[in-house]
Amino acid sequence: MKTYKLNELAKTIRSKNAGPDNITFDIIFAEKDIYEKVKKSGAITKETIARLYSAPENKIVTFVEYDPGNALKFTFQRNKSNGTLGESDLFGCQQYGPLINYEVTI
Amino acid sequence: MDKIIKVICPNGHLSYARMEKGSFDLGLQTKLDAICADAGSNDVGPYPLGADSCTSPETWQRYDIENMLLAARKLKIPMIIGSANDCGSNKGVDKFVRIVREIAQEHKLPPFKLATIRCAIDKKHIQSALEKGERIQGLDGRADLTRKDLHNTDGMVAVMGAEPIQRAVETGADIIITSRTSDCCIFASFALARGSSKDMAYYFGKVMECASFCAEPYMGKESIIGTVGKDYVIVEACHPGQRCTPASLAGHAMYERKDPFYEEVAGGTIDMRECRYEQISEKATRVTGQKFIKAKDYYVKLEGAGRIGERRYIIVGIRDPMTVANITKAIDWAKDKVVEQFGKNGKDYHLFYHVYGQNAILGEMEPVKEIKSHELCIAVEAVASTAEKADTIATLGARSIFYARLKTKGTAGGAALLTDEPLVAKPVYNWTMNHIMKIDDPYKHFPITIETVNGEEKK
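Residues numbered from 1 in each chain as written. Chains lettered and ligands numbered in written order. Predicted model: local features only at pLDDT ≥ 70, side-chain atom pairs only at ≥ 80, totals over all residues. Heavy atoms only, no water.

(A) Structural context of the environment of Ser128 of chain B. Its location among the elements puts Ser128 of chain B in helix α5 (residues 123-131). Expressed as a C-alpha distance, the spacing of Ser128 of chain B and Thr285 of chain B, which sit 157 residues apart in the sequence, is 48 Å. (Helix = DSSP H or I, 4+ residues; strand = E, 2+ residues; numbered from the N terminus.)

(B) Local environment of the interface of chain B and chain A. Each partner contributes residues to the interface: chain B has 43 residues there, and chain A has 39 residues. When residues of chain B are sorted by the area they lose upon contact with chain A, Asp43, Met254 and Met365 of chain B head the list and together hold 21% of the total. At the surface where chain B touches chain A, the tally comes to 4 salt bridges. Our count for the chain B to chain A interface comes out at 19 residue pairs in polar contact (both at pLDDT 80 or more). Elements with a contribution of two residues or more to the side of chain B that touches chain A: α10 (246-253), β16 (349-356), β17 (376-384) and β20 (428-439) of chain B. (Contact = heavy atoms within 4.5 Å. Buried area = accessible area lost by both parts, 1.4 Å probe. Salt bridge = Lys/Arg side-chain N within 4 Å of Asp/Glu carboxyl O. Polar contact = N/O pair within 3.5 Å; in protein donor to acceptor, adjacent residues only side chain to side chain.)

(C) Summary view of the pattern of salt bridges. A full pass over the atoms with the stated rule returns 38 salt bridges over all chains. A salt bridge links Asp33 of chain A to Lys37 of chain A; the nearest nitrogen and oxygen atoms lie 3.5 Å apart. Taken together, the residues Asp33 of chain A and Lys37 of chain A, both in helix α2 (residues 32-41) and 4 residues apart, mark about one turn of the helix. We classify Asp33 of chain A as partly exposed; its relative accessible area is 44%. What makes Lys37 of chain A partly exposed here is its relative accessible area of 41%. A salt bridge links Arg62 of chain B to Glu102 of chain B, with the shortest nitrogen-to-oxygen separation between them at 2.4 Å. (Buried < 20%, exposed > 50% of the residue type's maximum accessible area, 1.4 Å probe, protein only.)

(D) Quick peek at the nonpolar core. All names here are of chain B. Formed by 74 residues in total, the largest nonpolar core has its most connected members in Ile121, Ile126 and Tyr202. Examining the composition of this core, we find that 9 residues originate from one element, helix α8 (residues 183-193), more than from any other. Here Tyr202 is in contact with Ala162, Glu163, Cys184, Cys185, Ala188, Leu192, Val265, Ile270 and Phe292, once residues within four sequence places are set aside. Counting 32 residues, the second-largest nonpolar core is a separate cluster that includes Phe24, Ala72, Ile103 and Ala104. (Core = buried A, V, L, I, M, F, W, Y, C linked by side-chain atoms within 4.5 Å.)

(E) Looking closely at the sheet that holds strand β14 (residues 291-294) of chain B. Residue and element names in this part refer to chain B. Pairing is antiparallel in the open sheet, where 3 strands are placed in the order β10-β11-β14. The strands lining the two open edges of the sheet, one partner per strand, are β10 (262-265) and β14. Each strand of the sheet is rotated relative to its neighbour by a mean of 25 degrees, with strand direction disregarded. As paired elements, strand β11 (residues 268-271) and β14 share 4 bridges and run antiparallel to each other. Bridged to Asp271 within β14 is Lys291. Across the sheet, helix α9 (residues 198-208) touches β10, β11 and β14, and the angle it forms with β14 is around 110 degrees. (Pairing = 2+ DSSP bridges. Axes fitted to C-alpha atoms, helices over the stretch in contact; angles between N-to-C directions.)

(F) Here's a closer look at unusual backbone geometry. Residues and elements named next belong to chain B. In this model, Glu216 is joined to Pro217 through a cis peptide bond whose omega is -5 degrees. Looking at the secondary structure, you find Pro217 in the loop between α9 and β8 (224-228). Although it is not a glycine, Asp52 sits at a positive phi angle of roughly 45 degrees. Assignment of secondary structure puts Asp52 in the loop between α2 (47-50) and α3 (58-75). You can call Asp52 partly exposed: its relative accessible area is 26%. Of note in the backbone geometry, Asp140 takes a positive phi value of approximately 50 degrees without being a glycine. Along the chain, the position of Asp140 falls in the loop between β5 (137-138) and α6 (147-151). Note on Asp140: relative accessible area 21%, which makes it partly exposed.

(G) Seen up close, the pairing of β17 of chain B. Residue and element names in this part refer to chain B. Taken across its 9 residues, β17 has 8 buried, putting it largely inside the fold. Pairing analysis gives 9 bridges linking strand β15 (residues 298-318) to β17, with the strands arranged antiparallel. Residue pairing for β17: Arg311 is matched across the bridge by Val383. Pairing analysis gives 8 bridges linking β16 to β17, with the strands arranged antiparallel. Among the inter-strand pairings, His354 is bridged to a residue of β17, identified as Ala379.

(H) View of the domain arrangement of chain B. All names here are of chain B. You can read the domains of chain B as domain 1 (5-119 + 160-298 + 439-453) and domain 2 (308-432). Computed over C-alpha atoms, the centres of domain 1 and domain 2 are 42 Å apart. Between domain 1 and domain 2, a total of about 580 Å² is buried, with carbon and sulfur atoms accounting for 78% of that surface. Linking domain 1 with domain 2 are 0 salt bridges. Counting across the domain 1 and domain 2 interface gives 0 residue pairs in polar contact (both at pLDDT 80 or more). Here the residues of the side of domain 1 that touches domain 2 are counted per class, giving 4 nonpolar, 3 polar and no charged. (Domains from an automatic or database assignment. Nonpolar A, V, L, I, M, F, W, Y, C, P; charged D, E, K, R; others polar.)

(I) The arrangement of the packing of aromatic side chains in detail. Summed over all chains, the structure comprises 16 aromatic pairs over all chains. Look at Phe91 of chain A and Tyr16 of chain B: their rings are 5.6 Å apart centre to centre, the planes differ by 40 degrees, and that puts the pair in the tilted class. Residue Phe91 of chain A is found in the loop between β5 (71-77) and α4 (97-100), and its partner Tyr16 of chain B is found in the loop between β1 (5-9) and α1 (21-27); the two belong to separate chains. Judged by centre distance (6.3 Å) and plane angle (90 degrees), the rings of Phe187 of chain B and Phe204 of chain B are edge-to-face. Pair noted here: Phe187 of chain B is in helix α8 and Phe204 of chain B is in helix α9, with a separation of 17 residues, a long-range link. A residue is classified by how much of its surface remains accessible, and Phe187 of chain B, at 0% relative accessible area, is buried. The exposure class assigned to Phe204 of chain B is buried, which follows from its relative accessible area of 0%. Among the aromatic side chains, those forming a connected cluster through ring pairs are Phe25, Tyr53, Phe63, Phe74 and Phe76 of chain A. Over the face of the ring belonging to Tyr443 of chain B we find Arg167 of chain B, whose NZ or CZ atom lies 3.7 Å from the ring centre. (Phe/Tyr/Trp six-rings, centres within 6.5 Å; stacked < 30°, edge-to-face > 60°. Lys NZ or Arg CZ within 6 Å of the ring centre and 35° of its normal.)

Printed below as a string of structure tokens:
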């Protein structure tokens, strides 16, 4: 068992609007083996992600293990819809930042 | 269907940045059946729709339309652009038609048949639906549409399905410009008109609409070519440095959608659970197993935006380490000064401090609580009913950081003002509609107009 930063394990870590009211996050792995190990590690679940982002779990509207894409995927309901009053990430495309150095033990 | 069709897509969200001509020209060497692109997006926020404006400069729109139009007329194949002018309003269709006409005249193109499709569902239509007690269902956790939502809406569009565009293709139109449509329906409509199954056509649209975003490595605005056969779709990257791979296509299925297995469109759902991806050449991947599940009822999506107020910004910087460490106190002090003159924040005005270096991007979701930067940038944003009031609030909000009473050695001003004059911004809008409404006919609310461009002048 060794602890890695997610950045060292995943090929793609991104966030993006999924319509004006949601932001969806994709963590994509190049290797099936790593994907399966991360999946089994329990490091990335609805609970752990909610904790990382200090958000109630019900803000995460979907959490999917997407085997065809070797990817973990979850979607947050936005606090503010994109581009509306006081909102500051129009495309939702910088919300993945905290995941880069997130630690995973596999 | 025995015949296979090939379609090139030169750009996802046409003109948000200009298409890259190199890969488009390479793609044009293949024998093609159509050139299609989506020009709309919600990603740009509610302003363009609410103000019936756009976000892409006209010069970029002209560049993309010119490249597509000249290629389509040279090859004598149809060109389809959906969701004209970023928000896909009828005014946006008019603008794209003007650009098409101007380019056609400038290049003295031989006459061609132009079909335009506009949206006839407007606020009055929605009003009468609400009066009849029809349910207009909210998406993504939104409540059902109310009269108040409708009253607060300045601009709206209904998102057409593939059917009206398919009909326009079937009339033999050379060029088709449409109001707001689902991205995938632009491509699906052409495939359906040429006899493809719904299973193949809608998935084809789904995978094509963002152009080179479905290829790897990451490069936007490059062309891709999609092929639709009887029971497969093949996608190929045109840029010499890009490839479509099983991973890149499977990865794209989940891009900007909350569910990687299903996508809802007007009239049904694209089912990608059984998709199989095979690399068939260096740059191309074949996809099989996709399905389309026809819905019992036909729903169209409604998008609406309404004006909140005028907006001004002032940007200030902080370099004093003692102020950086106490920035929250400084902002609280400044907010209180604004409350003294204008009352409670959020009632008759809105004031935001976006503190870059602290948590401007993630807000309350930011896990890093400690400020690690030696300097901070604060965008002070004021929104009020009039420009004059927004000006004053932005000024007071920023200058009160300047005058904030903190324990520090600096006694000549607590903030580096990038500007003292408030920066004039576009008004703020909110999304008032992200809803779906049942309609009884996929065609009748989206009338098609056919005209000849560069034909005989009508007397």
